[in-house]
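# Report on the structure
Next come the chains, spelled out residue by residue.
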Amino acid sequence: MTITTTAPANRAALLVLADGRFPAGGHAHSGGAEAAVAAGRLYDATSLEAFCRGRLDTAGLVAAALAAAAAAGVDPLLLDEAADARTPSPALRATARKLGRQMMRAARACWPSPVLDALAAARPRGAHQPVVLGVTASAAGLGPLDAAHAAAYEAVSGPATAAVRLLSLDPFDATAVLARLAPDLDRVAQQAVDSARLALDSDVDALPAASAPLLEIAAERHAAWPVRLFAS
Amino acid sequence: MHLDHPETYPQRYSHPSPATALSGKHPAPTSSSAPTVRPDGTRRALRIGLGGPVGSGKTATVAAICRQLRDELSIAVVTNDIYTREDAEFLLRNAVLPAERITAVETGACPHTAIRDDISANLEAVEDLEETVGPLDLVLVESGGDNLTATFSKGLVDAQIFVIDVAGGDKIPRKGGPGVSTADLLVVNKTDLAPLVGADLGVMARDARTQRGELPVAFTSLTEPDGIAPVIGWVRERLAGWTAAAA
Amino acid sequence: MDRGGRMTAVVPTRATAPASGVRAAARIVAAPDGRGGTALPVLDGAGPLALRRTRAVAPGTAQVTVVGAMSAPLGGDHLSLDTRVRTGARLAVGSAAATVSLPGRCGRSATYDVRLTVDSDAELCWLPEPLIAAAGSDLAMTTRVDLAEGARLVLREELVLGRAGERPGRLVSRLTVRLDGRALLDQGLALGPGAPGWSGPAVLDRYRAVGQLLVVEPRFRDRPCQVAVLPSDPAEGEAMLTPLAGPAALVTALAEDALMVRRLLDAGRQAAAAAAG
Ligand SMILES: Nc1nc2c(ncn2[C@@H]2O[C@H](COP(=O)(O)OP(=O)(O)OP(=O)(O)O)[C@@H](O)[C@H]2O)c(=O)[nH]1
Ligand SMILES: [Mg+2]
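Residues numbered from 1 in each chain as written. Chains lettered and ligands numbered in written order. Predicted model: local features only at pLDDT ≥ 70, side-chain atom pairs only at ≥ 80, totals over all residues. Heavy atoms only, no water.

The name an unreviewed UniProt entry gives chain B is Urease accessory protein UreG, with Streptantibioticus ferralitis as the organism. Quoted verbatim from the Subunit (unreviewed entry) field of the UniProt record, the comment on chain B reads "Homodimer. UreD, UreF and UreG form a complex that acts as a GTP-hydrolysis-dependent molecular chaperone, activating the urease apoprotein by helping to assemble the nickel containing metallocenter of UreC. The UreE protein probably delivers the nickel." Check the Subcellular location (unreviewed entry) section of the UniProt entry for chain B; it says "Cytoplasm". (UniProt positions renumbered as here; feature names shortened; annotations may be inferred.)

Structural data, given as structure tokens:
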């Protein structure tokens, strides 16, 4: 089986799905930025860029690959298990499921589909968000590369938006960081699709498992804070 | 836009013309677009949102409602603090409701987003409460303190209360904004402080009427015994309407 | 471990190393010896991976030490170590010194593949010394673990970027653990020159040593360990103990150097052991 990587006709659906205002709960999550700010590791546009680069090639790549594989038709429940195995932090696993459930709600309202219904029924407390994103993409008539782009972009746009709020960072600087990352986003999305193609022919071990130990440890610290702005 | 949705909820107030609705002067009351039945077919709880500026008395109002009604109704609360889980903890500390009936939702520094633009986390919290503590009659959703433009989405609540206080000055109703002019109930709280801050309740009542037409306004002082009474009366009316619609 | 001391024993240049690199596959099989102990029906060293049966630390457990006969892996080398622990056997594997990944003469990358299979009611303690990526080196290390239901495992992996005061080499690692065929843990790291973002605030920041210690223990199924961020001075390192989605606990540690990573992993292992009861 092969994966089509050319742009599908309904590319505009990708804009709806990847819109920061898509009501799937992302606005309340900082992608680890709040914890990194508190640890003094994220403090300006330069450190934001370094943070985003690291996140993109770890959590972002994994999310993009899971999303691409789900969009390509790999069993979402196996992908959900693969996502668990790639997420040692229980706080991050819980966050991913919570966001997956929220995305599922938005997805079913926007692109009703039996595939979404089936996943919702199998994982009523939520599947990992990238898996839901991938299934949503296919319900919206999008392809694996679109799903990968959406997941990869989300991996960096979340922290960038949060950094603007947390650090009163100049929003032009933060957005310029995202613009500079664009070629890397394309590369990561393509890498994700290539691995999804392998996973379709073999198993989920073919998907990347790039980890970011600091994101994981910081997420557990953050989850224990009594006072915080962002849910993660 | 709510004008695009035909609404069947029983209303005491007539629909405004599109022009006045857009100006926000004489609005249609909230009526949720969220499904009104649970997965098992029974009618879900009435959902009431409480919004308003920081410190106006939203949590105090929630606490007072719970104390008054908890013996006759099954109630749960969702809080949306802008910064902390303070509101949830206040309610817990004061033993207003048992812990399992209170859920806190984080809002990522944007309280209005969580109650209006992206309500998914709040919906999840409400549904989880319905699922874990059994059938509920009333769910109160307290927004994080915000500005005068913050209102609840119809996808989240069936009715909304906007709480302001006299300490903010008697100009607030005159300023209007979606909260003051469109909420199903405007609560002007801390009337006990009016003499101290030189606020004229008569002026506030008049301005509120100009902004809100026939929509109700309640003046409360929660430091006084039974100061919550006017709000309780309104809540009971909404509950009666909600139950009647089910029949 | 001692970065400058014991390690040097395996670092001297390999006089006989071919320019094209070495291909070597070592194998260990552990099985019950029928007297309550563990026998080693297969103990085949290969190339730079020499294997010795050493004095057992725990009764009933066979102890094997990987002795670095030559400095390895060098660029261009392809090493593999395949270990199987049969039902009822208990095996502990360690190494005599740190493994140092060094640049080869041909400038090519090296691979080191470890494959561990643990049958039901068998136990494996896989506790090698750290892997150090010396300046200019380029190694891809994969560890693939297949556990049967009811298998027990303690596995430690420590990666160090550069010898003391040295620039880091390139190191790509992947640890994949399956339990009864299902994904339990999958962790990859791409570190050093050319790896995007690895030294940034999301991945290692200024830390140059990273470790994980995995404990798979059937008892965790009913009683998972609690999350614990281990107390440490962030100037030296940080670590956490977390329950995985299966019957396992993982300690993740980051630190300035291998010594501190080891300290944190040991502390986490103790906490996990206490949780397992
Ligand atoms: N004098 C007086 N004080 C009141 C009254 N109602 C509330 N307060 C006090 O006003 C303060 C703020 O009340 P809260 O209920 O916490 O206000 P809130 O709107 O929930 O505040 P945020 O959630 O932080 O936006 C508290 O100290 C209350 O005790 C009232 O009617 N009179
Ligand atoms: Mg409050």
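## So, the environment of Thr143(C)
Residues and elements named next belong to chain C. Following the sequence through the fold, Thr143 ends up in strand β11 (residues 138-147). Owing to a relative accessible area of 5%, Thr143 belongs among the buried residues under this scheme. Sequence spacing of Thr143 and Arg174 is 31 residues, and the spatial spacing of their C-alpha atoms is 6.2 Å. (Helix = DSSP H or I, 4+ residues; strand = E, 2+ residues; numbered from the N terminus. Buried < 20%, exposed > 50% of the residue type's maximum accessible area, 1.4 Å probe, protein only.)

## Concerning the coordination of the magnesium ion (ligand 2)
Residue and element names in this part refer to chain B. Taken together, Thr59 (OG1), Asp87 (OD), Asp87 (OD) and Glu142 (OE) make up the full set of protein donors to the magnesium ion (ligand 2), lying 2.1 to 2.5 Å away. The site at the magnesium ion (ligand 2) holds six donor atoms, and with the angles between them running 54 to 170 degrees, its shape is irregular. As a motif over one chain, the donors of the magnesium ion (ligand 2) read T-x27-D-x54-E. Of this pair, Asp87 sits in helix α3 (residues 86-93) while Glu142 is found in strand β4 (residues 138-142), placing the two residues 55 residues apart along the sequence. A single burial state applies to Asp87 and to Glu142, both of which are buried. (Donors = N, O, S within 2.8 Å, 3.2 Å for Na, K, Ca; no water. Tetrahedral: all angles 85-135°; square planar, octahedral: opposite > 155°, others 65-115°.)

## Let's talk about the arrangement of the chains
Across the two pairs of chains in contact, the largest number of contacts is found between chains A and C. Nothing in chain B touches chain C; the tightest C-alpha to C-alpha distance between them is still 20 Å. (Contact = heavy atoms within 4.5 Å.)

## Overview of the packing of aromatic side chains
All names here are of chain A. A complete count under the given rule lists one aromatic pair over all chains for this structure. Ring centres of Phe22 and Trp111 lie 6.0 Å apart, and the angle between their planes is 20 degrees; on these two criteria the pair is classed as stacked. Of this pair, Phe22 sits in the loop between α1 (12-18) and α2 (33-38) while Trp111 sits in the loop between α5 (90-110) and α6 (114-122), and the two are 89 residues apart along the sequence. (Phe/Tyr/Trp six-rings, centres within 6.5 Å; stacked < 30°, edge-to-face > 60°.)

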